[in-house]
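Coordinate analysis (summary)
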Amino acid sequence: MADQWQNAMDHAVAIAQKAGEVVREALRGDRKVMTKSSSIDLVTQTDQKVEQLIIQSVKERFPAHRFIGEESVAAGEPCDLTDQPTWIIDPIDGTTNFVHAFPFVAVSIGFCVDKKVEFGVVYSCLEDKMFVARRGRGAFCNGEPLKVSDQEDIKRSIVVTEFGSNRDPDAVDRIFSSLRKIVCLPVHGVRSAGTAAINLCLVASGSVEAYYEIGIHVWDIAAGSLMVTEAGGVLLDVEGGDVDLMSRRIVAANNRAVAGQIFRQLDAFSPPRDDALPSHE
Ligand SMILES: O=P(O)(O)O[C@H]1[C@H](O)[C@@H](O)[C@H](O)[C@H](O)[C@@H]1O
Ligand SMILES: [Mg+2]
Ligand SMILES: [Mg+2]
């Protein structure tokens, strides 16, 4: 059966590729760094330029579609997810990596209809890996199908997480207490790529068993979350309920056994929801 969203997905892949060229080119020159909510919440002109490039090109092709973009929300646009076709864009996921030339930087484009992610595109620009997932049709990296790890024991797993940009002492204490419990299970290892989108692709690829984070935003995870489920993995909230893309909390794992062993260690907290803020932190 023909795929209703094939044209949009092809467009997303093409524009992610083009955005990746802009990111790679920008890495060859100086990067002017600005800050958003705090001194460690970074943004560059490249983040803004890439977001505009993506939005303009999608608008020309699909004028009725809506957008949630990280840098547009930072500039005061609403973060409203309706039932209408909506592109959810993180122009550079891993801006801190980009600023420091730490080599994991992604362009992340999710596409939702009726609040469900229909497709996700994550382009890992420096690895030149194009991850694509289509709801009900699988997840792929450079055309090769992705499959999660079949490990069921957290003690034989690698877990990925991030510290994020929240330095509120209570949040930092909870992040460390959760991490301590996970490290001491013990797990084989803990890693951080510095980008939620790539972390989710690592779960989808079977390179790690799980990823969790509190404090991410919908644009960090919209595309990568579908990569995980289409590769056979699961998503949960950090307290074990259903994942909510606007809640800023996620556990992504290869299976329910590992996801359950993760969320039970977590000292959960609730940052302000993406859909409850006039503009994001
Ligand atoms: O702001 P960008 O788009 O680079 O995204 C974020 C990452 O994706 C998080 O996992 C990560 O923890 C950081 O909060 C980072 O800000
Ligand atoms: Mg991001
Ligand atoms: Mg970003």
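All figures in this text were calculated on a predicted structure; none of them were measured in a lab. (Residues numbered from 1 in each chain as written. Chains lettered and ligands numbered in written order. Predicted model: local features only at pLDDT ≥ 70, side-chain atom pairs only at ≥ 80, totals over all residues. Heavy atoms only, no water.)

With respect to the site of ligand 1
Looking at ligand 1, there are 15 residues lining it, with D93, G94, T95, A196 and E213 nearest. Within the backbone of G94, one N or O atom sits 2.8 Å away from an oxygen atom of ligand 1. In isolation ligand 1 exposes 370 Å². Once the protein is present, 88% of that is buried. Of all the elements, strand β4 (residues 86-93) adds the most residues to the shell around ligand 1, at three residues. Counted by class, the shell around ligand 1 contains four nonpolar, five polar and six charged residues. (Near = heavy atom within 4 Å. Polar contact = N/O pair within 3.5 Å; in protein donor to acceptor, adjacent residues only side chain to side chain. Areas by Shrake-Rupley, 256 points an atom, 1.4 Å probe, with all protein chains shown as cover. Helix = DSSP H or I, 4+ residues; strand = E, 2+ residues; numbered from the N terminus. Nonpolar A, V, L, I, M, F, W, Y, C, P; charged D, E, K, R; others polar.)

Thoughts on the sheet that holds strand β13 (residues 234-236)
Reading across the sheet, the five strands line up as β11-β10-β12-β14-β13 and stay open at both edges, with mixed pairing between neighbours. Edge positions in the sheet fall to β11 (189-191) and β13, since each of these pairs with one other strand and no more. Neighbouring strand axes in the sheet, compared pairwise and without regard to direction, differ in orientation by 20° on average. Relative to strand β12 (residues 210-214), strand β10 (residues 158-161) runs parallel, the two being bridged by three bridges. Bridge pairing links V159 to A210 in β12. Against the sheet, helix α6 (residues 196-205) engages β10, β12 and β14 (249-253), with an angle of about 155° to β12. The sheet contacts of helix α7 (residues 218-230) involve β13 and β14, and relative to β13 the element is tilted by about 130°. (Pairing = 2+ DSSP bridges. Axes fitted to C-alpha atoms, helices over the stretch in contact; angles between N-to-C directions. Contact = heavy atoms within 4.5 Å.)

Details of α7
Taking 1.5 Å per residue, 13 residues should reach 18 Å; α7 reaches 18 Å between its end C-alpha atoms and fits that length. The largest bend in α7 comes to about 30°, at G224. Of all 13 residues in α7, eleven are buried; the element is thus mostly enclosed. Looking only at α7, the buried set comprises V218, W219, D220, I221, A222, A223, G224, S225, L226, M227 and V228. Of the residues trailing α7, G232 is marked for its positive phi of about 100°. (Expected span 1.5 Å × (residues − 1). Bend = angle between axes of the 7 residues up to and from the residue. Buried < 20%, exposed > 50% of the residue type's maximum accessible area, 1.4 Å probe, protein only.)

Re the coordination of the magnesium ion (ligand 2)
Around the magnesium ion (ligand 2), the donor atoms from the protein are D90 (OD), D93 (OD) and D220 (OD), and they sit 1.9 to 2.0 Å away. Along the chain, the residues donating to the magnesium ion (ligand 2) fall in the pattern D-x2-D-x126-D. In this model, the magnesium ion (ligand 2) sits 3.5 Å from the magnesium ion (ligand 3), the two metals being bridged by D90. Judged by relative accessible area, which is 0%, D90 ranks as buried. (Donors = N, O, S within 2.8 Å, 3.2 Å for Na, K, Ca; no water.)

Brief notes about unusual backbone geometry
Residues other than glycine predominantly adopt negative phi, and peptide bonds predominantly adopt the trans conformation. Cis geometry marks the peptide bond from L185 to P186; its omega dihedral reads -5°. Position of P186 relative to the elements: it lies in the loop between α5 (169-183) and β11. Located in the positive-phi region is D114, a residue other than glycine, with phi close to 55°. In this fold, D114 is placed in the loop between β5 (106-113) and β6 (116-124). For D114, a relative accessible area of 48% puts it in the partly exposed group. If you check the backbone angles, N142 has positive phi at about 45° while not being a glycine. Tracing the chain through its elements places N142 in the loop between β8 (138-141) and β9 (144-145). The class for N142 is partly exposed, based on a relative accessible area of 48%.

Notes on the environment of G224
The topology assignment puts G224 in helix α7. What makes G224 buried here is its relative accessible area of 0%. G224 sits 24 residues away from L200 along the chain, and the two C-alpha atoms are 5.2 Å apart. Contacts of G224, omitting those with residues within four sequence positions, involve V122 and L200.

A few points about the UniProt feature "binding site: Mg(2+) 2" (unreviewed entry) in the protein
Mapped onto the present numbering, the UniProt feature "binding site: Mg(2+) 2" (unreviewed entry) falls at D90, D93 and D220. Annotated residues spanning 131 residues; largest pairwise C-alpha distance 6.6 Å, indicating a single compact cluster. Along the polypeptide, D90 turns up in strand β4. With near-sequence residues (within four places) excluded, D90 lies in contact with E70, A106, V107, S108, W219 and D220. Tracing the backbone shows D93 in strand β4. In contact with D93, other than residues within four places in its own chain, are F104, V105, A106, T195, A196, A197 and D220. (UniProt positions renumbered as here; feature names shortened; annotations may be inferred.)

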